[in-house]
Amino acid sequence: MFARLAIPNAMRGTARSFSTRAGAASRSSRMPLALAATVAVAGISLYARPSLHLEQIQRPIVGAGSDVSSRPTTIAGTFTTPSERSFIMIKPDGVNRQIVGKILTRFEERGYKLVAIKSVLPSKELAREHYGDLASKPFFGSLIDYITGGTPVIAMVWEGKDVIRQGRNMVGATNPLQALPGSIRGDYAVSVGRNIIHASDGFESATKEIGLWFDEKELASYTPAAWEQVMADN
Ligand code: DAT
Ligand code: MG
């Protein structure tokens, strides 16, 4: 769904060419030939349905000499490199439970870089767009009402090696009753409708979600003191 809108624009050059929702929606959905070749080399299909899930992708080994220039680059960084970015959002129940700091600490201690963070009271439109792939689900209406109920969400972008997949692992299974102890949902939640936190489920969704919640100007570029230590591969 989203890849048709954003990734072709974003992949023409740097993240600067990425367009946010309003701009992207007006652009052509046709994938340029060069892009298609790039994507094919990267071993993924951006037109895949359902959306790109990392668990299903053979990933090149970061730092092992595979050709970085062939990997897709969007506002979500370059896939499978230390510049990869994920959209992570603490939902209203996480804010209400006053565990925002504990959740931030988990990502910081893992070594990931916080490149953007803000408290947001999402509009219905924003919430519907974010959860667009769930629009046909019976719980969609109550999910939107919940996310827009007046308690803020904490919208964030985290960056680092494998952050999209690792973010999903750190968050845990959608149903907290199936989430492993040690994961955020496994430690703090017991209900699927109150599972504390959202994490992008693939490079395609990270690209969509970062572009939806953030303007590119809000994304910081800096190097944490321990960055090389944490990201080094020898
Ligand atoms: P995830 O948040 O793990 O990516 P998802 O994308 O399938 O899971 O669903 C988005 C959110 O929708 C999920 O975090 C909580 C809510 N949700 C999912 N399945 C649900 C269900 N069966 N009943 C109520 N809410 C549900
Ligand atoms: Mg999801």
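Please read these numbers as outputs of a predicted model, since none were measured by experiment.

What counts as what
Residues numbered from 1 in each chain as written. Chains lettered and ligands numbered in written order. Predicted model: local features only at pLDDT ≥ 70, side-chain atom pairs only at ≥ 80, totals over all residues. Heavy atoms only, no water. Buried < 20%, exposed > 50% of the residue type's maximum accessible area, 1.4 Å probe, protein only. Helix = DSSP H or I, 4+ residues; strand = E, 2+ residues; numbered from the N terminus. Pairing = 2+ DSSP bridges. UniProt positions renumbered as here; feature names shortened; annotations may be inferred.

Q: Sorry, what's going on with the pairing of strand β5 (residues 153–159) here?
A: Each regular strand shows side chains that alternate between the opposite faces of the sheet. Burial of β5 is extensive: seven of the seven residues sit out of reach of the surface. Across the two faces of β5 the burial is the same, with Val-153, Ala-155, Val-157 and Glu-159 and Ile-154, Met-156 and Trp-158 all buried. Taken together, the six bridges between strand β3 (residues 85–90) and β5 define a ladder with antiparallel strand orientation. Within β5, the residue paired with Ile-88 across the bridge is Met-156. Two strands pair when backbone bridges link them, and strand β4 (residues 113–120) and β5 are joined in this way by seven bridges, in the antiparallel orientation. Counterpart to Ala-116 in the pairing with β5 is Val-157.

Q: When you look at the environment of Lys-91 in this model, what are you seeing that I'm missing?
A: As for its position among the elements, Lys-91 is in the loop between β3 and α4 (92–96). As a C-alpha pair, Lys-91 and Arg-194 span 103 residues in sequence and 8.2 Å in three-dimensional space.

Q: Hey, could you run me through the UniProt feature "binding site: ATP" (unreviewed entry) in the chain in this one?
A: If you check UniProt for "binding site: ATP" (unreviewed entry), the listed places come out as Lys-91, Phe-139, Arg-168, Thr-174, Arg-185 and Asn-195 in our numbering. Tracing the chain through its elements places Phe-139 in the loop between α6 (124–130) and α7 (140–147). Judged by relative accessible area, Phe-139 falls into the partly exposed class, the value being 40%. Taking relative accessible area as the criterion, Thr-174 reaches 44% and is therefore assigned partly exposed.

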